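Coordinates in review
Read off the chains here:
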Amino acid sequence: MAGNLDQEAHIADPESEEDFEDDEEEEEAEDWDDWSAEDGEESSSGLLCLFCDANFSSCSPLFDHCASLHRFDFHRVKEALALDFYGAFKLINYVRSQVAENRCWSCGLVFPSKHDLQDHLHETIDFEKVKPLSFDDRYLKPFLQEDSLLYSFDEDGEGEDDCPVVVDKEELAMELKNLGELSIDGDNLLEKAESSSGSIDGNVLKGAADVSSSDLNTAGDVRRVNESYFGAYSSFGIHREMLSDKVRMDAYSQAILGNQSLFNGAVVMDVGCGTGILSLFAAQAGASEVIAVEASEKMAAVATQIAKDNHFWHSPNGSINNKGGVVKVVNGMVEELDKCIQLQPHSVDVLLSEWMGYCLLYETMLSSVLSARDRWLKPGGAILPDTATIFAAGFGRGATSLPFWERVYGFDMSTIGKEIVEDAARNPIVDVMSESDLVTNPVIVQTFDLVTMKPDEVDFTASIELETSSSPTENQATTMCYGVVLWFETGFTSRFCREQPAVLSTSPHTLKTHWAQTILTFREPIAMLPRKADDTDKRSQGAGIEGSPAEKIHLRVSIVRAPEHRSIDISLEAAAICSDGRKVTYPVQIFNLS
């Protein structure tokens, strides 16, 4: 709308438009001149640390401080990324922008406070991941208006031929002003991408960093990922697997058919209906209208035909083909539903969806459900399921591939097993784990209340402690914990399902489901032993090793939406803690589930 108005004004009065542009350029130039002016305030403020409020008189002690206290070695990062002056300039602004959002500049995890971020900071794990993010030209515009570090950081560095780089501040300011305008244009392009996609809704800007329109999450890339994602659900094999999942189907059928007082005469919305099975349950339970939303064109057609074949279909022209014809299948994304049908906001009584992915949050469909809740659900309306909980437990050697490869037809092939375990420490595994392989008690990682949670709470960080599940005995051998397994439960609680509440669990203790569990392997196993009442400190230095097993493992778990649309990043920070308080902290591990 604004673009059209600007164009009309330009046609109506070109001279006045040029005058306006000249005034605007003069104002912008003044802003940049303010930043580049040497008015003495910069020198009085000193050089501000990238991560805390400490000030320094020169760059050398500042960067030493960052390396020792915040694990950010500026010169090492600069060398690893092969940064020239402008590249280093952008790196500083990039780091400052991430710290301002309590986001780790290196791995992209977001924390609730600056203090939590400070505790988390670590050395760079993957320079290739950081490089395209920090190279964005928008970081040529100073993040801090009066940042003395930006024209001082190279004062003790070396340029080409070992000659110091001399920076003309006024020339630099004007050049950056021009580049800043390009950056602003990039931001406008990103806004257009968001508005045209309709499904971004802020999700794809989470993860390693806010990504510009030139990176992964342009409208075209998001559309491509969505097409691939929804296209995958056009495969009947996937739907057969889901419909054959007894745990899944029993929970939903019990929650819907077992609570007919909730559904009788209700307007129901089924987000991501697939074959339409949940919509058919809702119609069977007495719903007066079921809006089945499906983004896959093929599956929308299939769901329509299935509704017709079972005499539940409501024709588009409003005529009901039979008494029970209440199901309306809409082909489109729920974020763009108002473009597909006429529907009053906040007119839905029950919002229904099977949105869960691996590790609960993979596929990031929860964001779509929350969008539908905020747009279409009546105040006090029901959302099913209404709770979701992620659990974790430690697993032992039996859950790894090591035992199999130790002896294959009498031959030692353990080298393969070791390589597989090393790879598993970098990549998450989705597989079914036996409850006999768990070596700690399960703990709750995070609980979501779908009625009250905010969309940005999909990304979270939680701290948990794992303790061995065995009771202390004499001469007990240590237990080796090889990693952490995650699973989830969703609840159809008595808040809405008063007649018959239900639970869908993907726990290793219950029947297996198509979600299985998500397995995160430590780089090295941690030895554990339950504390005995007469336990005294006769152990060697260290913790979590055979000679000094840990009483418990402290874990900091973060799950955030990754830069690649519909993927998630999982961060794992482990610390082994002995009964006498000795503690060993292990390097952070980042797992991408995509």
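Given the structure is predicted, the values throughout are model-derived calculations rather than measurements.

Here we come to the UniProt feature "domain: C2H2-type" (unreviewed entry) in the chain. The sites that UniProt annotates as "domain: C2H2-type" (unreviewed entry) are residues 49–70. Along residues 49–70 one finds 55% helix and 9% strand; the C-alpha atoms at either end are 10 Å apart.

Under the definition given, this model contains two cavities of 30 Å³ or more. Together, Cys 273, Thr 275, Gly 276, Ser 279, Leu 280, Ala 292, Ala 303, Ile 306, Ala 307, Val 327 and Val 329 line the largest cavity. Tallying contributions element by element places helix H15 (residues 297–309) first for the lining of the largest cavity, with three residues.

Of all the positions in helix H18 (residues 414–424), only Ser 414, Gly 417, Val 421 and Ala 424 are classed as buried. In an axial view of H18, the angular spread of the buried residues amounts to 75°, which keeps them on one side of the axis. Facing away from the buried side of H18 by more than 90 degrees, the exposed set consists of Thr 415 and Glu 419. Structurally, H18 contributes buried residues whose contacts are with helix H17 (402–406), strand E9 (429–431), strand E14 (517–528) and strand E18 (589–593).

Moving on: the side chain of Glu 335. Among the secondary structure elements, Glu 335 is positioned in the loop between strand E5 (327–331) and strand E6 (348–353). There is no salt bridge for the buried Glu 335, and the closest opposite charge comes from Arg 566, which lies 5.8 Å off by N-O distance. Only 2.6 Å separates the side chain of Glu 335 from the side chain of Ser 368, close enough to count as a polar contact.

This structure, assessed with the given rule, holds 17 salt bridges. The shortest N-O distance in the salt bridge between Glu 406 and Arg 397 comes to 2.0 Å. Assessed through its relative accessible area of 35%, Glu 406 is described here as partly exposed. Here the salt bridges share partners, and the residues they tie into one network are Asp 386, Asp 449 and Arg 495.

Burial analysis of strand E16 (residues 568–577) places ten of its ten residues in the buried class, the great majority of the element. Side-chain alternation along E16 places Ile 568, Ile 570, Leu 572, Ala 574 and Ala 576 on one buried face and Asp 569, Ser 571, Glu 573, Ala 575 and Ile 577 on a second face that is also buried. By the bridge criterion, ten bridges tie strand E15 (residues 552–561) to E16 in an arrangement that is antiparallel. Bridge assignment links His 554 to a residue of E16, and that residue is Ala 575.

So, about the packing of aromatic side chains. For the structure on display, the rule yields eleven aromatic pairs. An angle of 55° between the planes, with centres 6.4 Å apart, marks the rings of Phe 72 and Phe 74 as tilted. Phe 72 gets classed as buried once you look at its relative accessible area, which sits at 0%. Here Tyr 252 and Phe 492 contribute two aromatic rings whose centre-to-centre distance is 5.0 Å and whose plane-to-plane angle is 80°, an arrangement assigned as edge-to-face. Note that Tyr 252 is positioned in helix H12 (residues 246–257) and Phe 492 in strand E12 (residues 479–492), a separation of 240 residues in sequence. Put simply, the rings of Phe 51, Phe 63, Phe 72, Phe 74 and Trp 105 touch in pairs and so form one group of aromatic residues.

Right, let's talk about the sheet that holds strand E7 (residues 377–384) for a bit. Reading across the sheet, the five strands line up as E5-E4-E3-E6-E7 and stay open at both edges, with parallel pairing between neighbours. Edge strands, defined here as strands with exactly one partner in the open sheet, are E5 and E7. Pairs of neighbouring strands in the sheet enclose a mean axial angle of 20°, with direction left out of account. For strand E3 (residues 267–271) and strand E4 (residues 289–294), the ladder comprises five bridges, and the chain directions are parallel. Within E4, the residue paired with Asp 270 across the bridge is Ala 292. Sitting on the sheet, helix H14 (residues 277–284) touches E3, E4, E5 and E6, and the angle it makes with E4 is about 175°. Contacting E4 and E5, H15 crosses the sheet at an angle of about 170° to E5.

Closest axis-to-axis distance for the H12/H14 pair is 9 Å, and the angle between their directions is 25°. In terms of their interaxial angle, H12 and H14 are classed as roughly parallel. Seen from above, H12 lies across H14 with right-handed handedness. Only Ile 277, Leu 278, Phe 281, Ala 282 and Gln 284 of H14 make contact with H12, whose side of the interface consists of Met 249, Tyr 252, Ser 253, Ile 256 and Leu 257. Residues that form the contact of H12 with H14 fall into these classes: eight nonpolar, two polar and no charged.

Our next topic: the pairing of E3. The element E3 is extensively covered by neighbouring structure, given that five of its five residues are classed as buried. On E3, burial covers both faces: Val 267, Met 269 and Val 271 on one face and Val 268 and Asp 270 on the other are all buried. Tracing the backbone out of E3, into H14 and back to the parallel element E4 gives a crossover that is right-handed. Bridge analysis of E3 against E6 gives four bridges, and the strand direction is parallel. For Met 269, the partnering residue across the bridge sits in E6 and is Leu 351.

Conventions and cut-offs
- Per chain, residues are indexed from 1 in the order of the written sequence.
- Residues qualify for local features only when their pLDDT is at least 70, as the model is predicted, and side-chain atom pairs are given and counted only at 80 or more; totals for whole chains, interfaces and linings, by contrast, use all residues.
- As a convention, hydrogens and water are excluded, and side-chain values are obtained from all of the structure's heavy atoms.
- UniProt positions are given in the numbering used here, feature names are shortened, and annotations may be inferred rather than shown by experiment.
- Put simply, DSSP H or I for four residues or longer makes a helix, DSSP E for two residues or longer makes a strand, and each gets a number counted from the N terminus.
- Put plainly, a pocket is an open set of points on a 1 Å grid over the protein atoms alone with protein on both sides within 12 Å along at least five of seven lines, a cavity is a set where a 1.4 Å probe fits but cannot get out, and a lining residue has an atom within 4 Å of a point.
- Grid points are joined across faces, edges and corners, and a volume is the space filled by probe spheres set on the points.
- Burial classes: relative accessible area under 20% of the type maximum marks a residue as buried, over 50% as exposed, and values in between as partly exposed (1.4 Å probe, protein chains only).
- Directions from the helix axis toward the C-beta atoms define the arc.
- The contact criterion used throughout is that any non-hydrogen atoms of two residues lie within 4.5 Å.
- Asp and Glu count as negative and Lys and Arg as positive, but His and the ends of the chain are not part of the count.
- Salt-bridge detection follows one rule: a side-chain nitrogen of Lys or Arg within 4 Å of a carboxyl oxygen of Asp or Glu.
- The term polar contact refers here to a pair of N or O atoms within 3.5 Å; inside protein, the definition further demands a hydrogen-donor-capable atom paired with an acceptor-capable atom, and it admits residues adjacent in sequence only when both atoms are side-chain atoms.
- The pairing criterion is simple: DSSP has to find at least two bridges between the two strands.
- Only centres within 6.5 Å qualify two rings of Phe, Tyr or Trp (six-membered ring in Trp) as a pair; their planes then separate them into stacked at under 30 degrees, edge-to-face at over 60, and tilted for everything else.
- Axis lines are fitted to C-alpha atoms, over the contacting stretch for helices. Their N-to-C directions set the angle, which ranges from 0 to 180 degrees.
- Throughout, the term roughly parallel applies to angles under 35 degrees, roughly antiparallel to angles over 145, roughly perpendicular to angles from 65 to 115, and oblique to all others.
- In this scheme, a crossing is called left-handed if the near helix is turned counterclockwise away from the far one by less than a right angle; it is called right-handed if the turn is clockwise.
- As a working rule, the residues Ala, Val, Leu, Ile, Met, Phe, Trp, Tyr, Cys and Pro are called nonpolar, Asp, Glu, Lys and Arg charged, and the rest polar, with Gly in that last group.
- Orient the strands so they point away from the viewer; a crossover is then right-handed if the path from the first strand over the helix to the second runs clockwise.

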